[in-house]
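Residue-level structural notes
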Amino acid sequence: MGMTIGVDIGGTKVAAGIVDSGGRIRDVVKHPTPWGDGEALADTVGAAVRELRGRHADGAIAAVGVGTAGFVDADRATIVLGANLGLHEEPFTERLRRRVDLPVVVENDANAAAWAEARFGAGRDSEHVVCVTLGTGVGGAIVMNGELQRGRYGVAGEVGHYRVVPFGRRCGCGNHGCWEQYASGRALVGEALDLARAEPKRAERMVELAGGSAADIQGSAITRAAQEGDEGALACFAAVAEWVGLGLADLAAILDPELFVIGGGVSDAGAILLDPVRDSFARHVTGRSTRRLADIRIAELGSQAGIVGAADLALR
Ligand SMILES: [Zn+2]
C-alpha cells in the first residue's frame, strides 16, 4: 500500500498530512478553516493537498481521507450537518475530488481518530474496541471484528448522547441526562466550580493555578492540581471517573468489547483518571462476578490521530 493524505477539519484549522501504510505521518500543513462555505473549504483542503504533493513529488499518493466534525452520511460523501463549520448537506467529497483528482472519502472526525487508535494506537492488538473521547463533550466510535461501525446513516457511536440520567442535566443536543453532561471535560470543570462554591478551601489550589479566579478554572488546572496530589482536584476526577466507568459498564452490556480506549483532554491525567474509572467499571458492569472484563486504556496517538485515521480509512 502506498501513501495517503489524511485531513483533519477542525472548527479553527485544517490540518493535512502525508501518512504511510504504517500510520506514520511524514509531513503536515495547516491552514485556517473558512466558515460556512463548502467551496471555500474545498479550496483550502485542495490547496493543502497540492502543497503536500508538491513537497513529496517522489511519493505516489493513492487517495485522500477527510475527517470532519459533525454528521457524515454512511456512504462517506456528504457532510450532513457540520454545525461547527456552518455547513448543511454539503457534497464535500465531490467538491474536493474535482480539485485534487484523487479518490476522496469523508468521515466523522471521532470515527477517524478512533480508527487510528484501534489500528495503530492503544487498540492495535484488539479487534473489538470502543473508543471514547472525553473532551469538552464526549465522542466515541465502535470497532467490531476489526471494522469501523458507521450504522445505516453514518452516525453510530455517538455515545456522548446516550442517556444515563432520565430527566437529568440539560444537554446541548436538546435532551436531558446525556452521558457527556457527567463524564466530559466540561463536567470536570463543573465539579471544580461546585467545589469552589460549596467548600472554597478544598478548591484553593485549583483557583490559584487558574490565576486566582474560580471562574477561570479549566481542565488543565484541575489536572495539574491532581498531579500535585491536591485532594480537591482528585475528588473532582473521582466524581467524573465514577460516571465514566458507569457509562462504560452499560456500553459493555451492549457491545462486549475487548478494550475501551479513552482519549481527549481529560485523559491527559493518565492514571489519575484511569484507576478510578477501572474501579467504577468493575463495580457497575453486569455479570461482573463471572464475565471477563474489558480492559480500559488511555489513547496513545494524541492530536495526530485524526489525520492518521482519515488517511488510513481513505483506502477502505
Ligand atoms: Zn445530548
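Heads up: these notes are all about the structure in this document. (Residues numbered from 1 in each chain as written. Predicted model: local features only at pLDDT ≥ 70, side-chain atom pairs only at ≥ 80, totals over all residues. Heavy atoms only, no water.)

1. Here's the deal with the environment of G11
Secondary-structure assignment places G11 in the loop between β1 (3–9) and β2 (13–19). A relative accessible area of 47% places G11 in the partly exposed class. Counting along the chain gives 74 residues from G11 to L85, while the straight-line C-alpha distance between them is 6.0 Å. Apart from residues no more than four positions distant in its own chain, G11 is found in contact with T33, N84 and L85. (Helix = DSSP H or I, 4+ residues; strand = E, 2+ residues; numbered from the N terminus. Buried < 20%, exposed > 50% of the residue type's maximum accessible area, 1.4 Å probe, protein only. Contact = heavy atoms within 4.5 Å.)

2. With respect to the coordination of the zinc ion
Within the protein, the atoms that donate to the zinc ion are H161 (ND1), C171 (SG), C173 (SG) and C178 (SG), at distances of 2.0 to 2.3 Å. One can describe the donor arrangement at the zinc ion as tetrahedral, given that its 4 donor atoms subtend angles of 106 to 120° at the metal. Sequence positions of the donors to the zinc ion reduce to the motif H-x9-C-x1-C-x4-C. A residue is classified by how much of its surface remains accessible, and C178, at 0% relative accessible area, is buried. (Donors = N, O, S within 2.8 Å, 3.2 Å for Na, K, Ca; no water. Tetrahedral: all angles 85-135°; square planar, octahedral: opposite > 155°, others 65-115°.)

3. Points about the side chain of S280
Structurally, S280 can be placed in helix α9 (residues 271–284). Using a relative accessible area of 0% as the deciding quantity, one classes S280 as buried. From its side chain, S280 meets the backbone oxygen of E242 in a polar contact 2.8 Å long. When sequence neighbours within four positions are dropped, the list of residues in contact with S280 reads A241, E242, G245 and L246. (Polar contact = N/O pair within 3.5 Å; in protein donor to acceptor, adjacent residues only side chain to side chain.)

4. A short note on the sheet that holds strand β5 (residues 71–72)
Strand order in the open sheet made by the 3 strands is β5-β6-β7, with antiparallel pairing throughout. At either margin of the open sheet sits one strand with a lone partner, and together these are β5 and β7 (87–90). In this sheet, β7 lies alongside strand β6 (residues 79–82) in antiparallel orientation, the contact comprising 3 bridges. Each bridged residue has a counterpart across the sheet, and for L81 the counterpart in β7 is H88. (Pairing = 2+ DSSP bridges.)

5. A short note on the packing of helix α7 (residues 219–227) against helix α8 (residues 231–255)
Where α7 meets α8, the closest approach of the two axes is 7 Å, and the angle between their N-to-C directions is 115°. For α7 against α8, the interelement crossing comes out left-handed. Every residue of α8 that contacts α7 at I222, T223, A225 and A226 is listed here: A233, L234, C236 and F237. For the contact of α7 with α8, the residue count by class is 7 nonpolar, 1 polar and no charged. (Axes fitted to C-alpha atoms, helices over the stretch in contact; angles between N-to-C directions. Left-handed = near helix turned anticlockwise from the far one by under 90°. Nonpolar A, V, L, I, M, F, W, Y, C, P; charged D, E, K, R; others polar.)

6. A closer look at the sheet that holds strand β10 (residues 138–144)
Paired through their backbone hydrogen bonds, the strands of a sheet run either parallel or antiparallel. What the 5 strands build is an open sheet, ordered β11-β10-β9-β12-β13; its pairing is mixed. Only two strands of the sheet have a single partner each, and these edge strands are β11 (147–148) and β13 (295–298). As paired elements, strand β9 (residues 129–134) and β10 share 6 bridges and run antiparallel to each other. Looking at β10, one finds that T133 is bridged to G139. Where helix α3 (residues 109–120) meets the sheet, it contacts β9, β10, β11 and β12 (259–263), and its direction lies at approximately 50° from that of β10. Most of the contacts of α8 go to β12, to which it runs at about 140°, and overall it touches β9, β10, β12 and β13.

7. Topic: the nonpolar core
When a protein is soluble and globular, its nonpolar side chains tend to lie buried together. With 47 residues, the main nonpolar core has W179, M206, I222 and L248 as its most contacted residues. Counting residues per element, this core draws most heavily on α8, at 10 residues. If we ignore the near neighbours within four places in the chain, the residues touching I222 are L188, V189, A192, M206, I217, A233, C236 and F237. Grouped together as the second largest cluster of nonpolar side chains are 27 residues, A42, L52, V64 and V106 included. (Core = buried A, V, L, I, M, F, W, Y, C linked by side-chain atoms within 4.5 Å.)

8. Concerning the pairing of β1
Within β1, 6 of the 7 residues are buried, which leaves it mostly tucked inside the rest of the structure. For β1 and strand β4 (residues 61–68), the ladder comprises 6 bridges, and the chain directions are parallel. Considered in β4, the bridge of D8 is made with G67. Relative to β2, β1 is paired through 6 bridges, and the arrangement is antiparallel. Bridge pairing links D8 to A15 in β2. Adjacent in sequence and paired antiparallel, β1 and β2 are bridged by 3 residues.

Limitation: the analysis is restricted to geometry and does not speak to function.
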